[in-house]
Amino acid sequence: MDQSGVLLWVKAEPFIVGALQVPPPSKFSLHYLRKISTYVRTRAMEGAYPRLYWSTWRHIACGKLQLAKDLAWLYFEIFDSLAVKTPEERLEWSEILSNCMSEDEVEKQRNQLSVDTLQFLLFLYIQQLNKVSLRTSLIGEEWPSPRNRPQSPDLTEKSSGHPKNWNDYSHQAFVCDHLSDLLELLLDPEQLTASFHSTHSSLVSREAVVALSFLIEGTVSRARKIYPLHELALWQPLHAESGFSRISKTFSFYKLEAWLRACLTGNPFGTSACLKSGKKLAWAHQVEGTTKRAKIACNTHVAPRMYRMVVMSQVYKQTLAKSSDTLVGAHVKIHRCNESFIYLLSPLRSVTIEKCRNSTFVLGPVQTALHLHSCDNIKVIAVCHRLSISSTAGCIFHILTPTRPLILSGNQTVTFAPFHTHYPMLEDHMARTGLATVPNYWDNPMIVCRETSNTSVFRLLPPCEFYVFIIPFEMEGDTTEIPGGLPAAYQKALAQREQKIQIWQKTVKEARLTKDQRKQFQVLVENKFYEWLINTGHRQQLDSLVPPAAGSKQAAG
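An account of the accompanying structure is given in this report.

Parameters and conventions
- All chains use their own residue numbering, which begins from 1 and follows the written sequence.
- With the structure being a predicted model, the display of local features is reserved for residues of pLDDT at least 70 and the display and counting of side-chain atom pairs for 80 or more, all residues being used for whole-chain, interface and lining totals.
- Each side-chain value is derived from all of the structure's non-hydrogen atoms; neither hydrogens nor water enter the calculation.
- Any Lys or Arg side-chain nitrogen located within 4 Å of an Asp or Glu carboxyl oxygen qualifies as a salt bridge.
- Counting from the N terminus, the helices are the DSSP runs of H or I reaching at least four residues and the strands are the DSSP runs of E reaching at least two.
- Between buried and exposed lies partly exposed: a residue is buried under 20% and exposed over 50% of the maximum accessible area for its type, with that area taken using a 1.4 Å probe on protein chains only.
- Whenever a nitrogen or oxygen atom comes within 3.5 Å of another N or O atom, the pair is scored as a polar contact, on the condition that within protein one atom can donate a hydrogen and the other can accept it, and that pairs from neighbouring residues in sequence are kept only if both atoms are in side chains.
- Whether two residues touch is decided by their heavy atoms; if any such pair falls within 4.5 Å, the residues are in contact.
- At least two bridges found by DSSP between two strands is the condition for calling them paired.

1. Details of the pattern of salt bridges
In total, this model carries 18 salt bridges according to the counting rule given. For Glu531, the salt bridge identified is with Lys528, shortest N-O distance 4.0 Å. Linking Glu531 with Lys528, this pair stays in helix α18 (residues 515–536), spanning three residues, or about one helical turn. With a relative accessible area of 43%, Glu531 lands in the partly exposed category.

In structure tokens, the structure reads:
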């Protein structure tokens, strides 16, 4: 078979979920990663290779790269969360952590964790995706730029000033531009020159190509089946092209690189493919008098379950509620939505909310990352593995999360609050995504940005401002209360408010009003309530709950 039958592409998930939307530590440069690559192989007996244990990475990161321990753990844990694990394994780890009584005990448990060393090196290298270079910020796109490189459509960001995590053209360009470096990083030290470069005769091990499957996969002759890179590279009919020698059980560096470059193409399950040829969903109605059209696209009709994607844009002044198989396990991007209430009540793989304003998002459990960028006055209510935020203003997060929320750069007046709602399938969806109620770090954010470590950028919601949130849709399911309950201070505030209501009701009852007085009194109360609805903006929320045709079961569609 000739190599024209093979299509390779760069996987989306390592970039969407794995690349932190912040410039990486300067010590993650290729120079230092090459040194680590050599160092770990000399420490194979000490938990460094082929599996890298947390204790060894901590020693490298804190001792040699001078990173703070929290930051060293953050990158280790993000990579570990990308590994294929069953929900049961994730829940078991949460239980182990929640039973730890001290930091030392937590550290003892972490010391038992290990990751694939070579894949972890690649993961650290792709953090350069969001590196800000002075040259780029001055002149725009990286140069020199090959003319035949496809231009990104709207919605996958054009300028390098935006996060590139959802832009599959950026992923492909990143891997193509740095392919030699990526391969050299995986070479055994004896295959490199003294200055850490490959030679024409350098050989690439099987293990290195298996590691590269972290970033690259493909198919043969447009078959439906997707293969990791190493299975295609090791496939006997392709040995001549991929440069594999059955005698030495290694690949020729220059042949392998040439084959990869010849076969790399656009990701058929990426954002741009989803927008260009994805199925358009009529979930949102078009609001009269607005020029912008709501657009919702998904690739679920063509993509295998692990590759699902839903992109939602320009939903304006409405309530959109869905609990749908289309959303299950999908990467969701919500873009430029305004003055809306969006309920996505299904187990989700990841969620990115970008350039949205004056809206509320109620999400089903998010298995990996929930990220907000460039949002104003947003309320997010979610159970998620990780929350990270950048360039937000006046946003409030009601979350339940087993990791510390990450405050990246450019945020103002962030409020964190306890998760405060439930819907009938919530606990079932949490079990399916491997998310437990403990540990819960909603109130212990971590500031990860160079500009400041100033904690005044966030506050915890004062209990006196706290109310529970009711999801106003009928659904099947067993959950009848907030998973894990509420922190004591917030529970107490609710109880005190409840007590005031009871005293008020008692006062009204004891006033012994006549029938006419009761009517008059009711009108007064209703007028006051209506005034309050308008002043707080809740009137729009109630009005938008009345859909054009469907009843209150619209969430089930």
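2. A short note on the side chain of Asp80
For Asp80, the position within the fold is in helix α4 (residues 69–82). Judged by its relative accessible area of 12%, Asp80 falls in the buried class. A distance of 2.7 Å separates polar atoms of two side chains, one belonging to Asp80 and the other to Lys85. Every residue in contact with Asp80, bar those within four places of it in the chain, is listed here: Lys85, Leu113, Ser114 and Val115.

3. A few points about the sheet that holds strand β5 (residues 216–220)
Read from one edge of the open sheet, four strands run β6-β5-β1-β9, paired in mixed fashion. Edge positions in the open sheet fall to β6 (227–228) and β9 (264–265), since each of these has one partner strand only.

4. A look at the sheet that holds strand β8 (residues 250–252)
Read across the sheet, three strands follow the order β4-β8-β7 without closing on themselves; strand pairing throughout is antiparallel. Bordering the open sheet on either side are β4 (203–205) and β7 (244–245), each of which pairs with just one other strand. Where β4 lies against β8, three bridges are found, and the strand directions are antiparallel. The residue bridging Leu203 from the neighbouring strand is Ser252, located in β8.

5. Overview of the pairing of strand β18 (residues 366–373)
A large share of β18 lies buried, amounting to eight of its eight residues. Looking at chain direction, strand β16 (residues 350–354) and β18 are connected through four bridges and run parallel. Note on β18: the bridge partner recorded for Glu354 is His373. Both β18 and strand β19 (residues 376–390) contribute to a ladder of six bridges, which runs parallel. Across the sheet, residue His373 finds its bridge partner in β19, namely Ser390.

6. Some details on the environment of Arg58
Relative to the assigned elements, Arg58 resides in helix α3 (residues 54–64). When the C-alpha positions of Arg58 and Ala72 are compared, they lie 6.4 Å apart, and in sequence the two are 14 residues distant. Apart from residues lying up to four places away in sequence, Arg58 is in contact with Gly63, Lys69, Glu107 and Asn111. A polar contact is formed between the side chain of Arg58 and the side chain of Glu107, at a distance of 2.4 Å.

7. Regarding unusual backbone geometry
Note that the residue after Tyr49, namely Pro50, is joined by a cis bond; omega there is 5 degrees. With respect to the helices, strands and loops of the structure, Pro50 is situated in the loop between α2 (30–42) and β2 (51–53). We note that Glu339 has phi near 50 degrees; this positive angle belongs to a residue other than glycine. Along the polypeptide, Glu339 turns up in the loop between β14 (331–335) and β15 (341–344). Note on Glu339: relative accessible area 24%, which makes it partly exposed.

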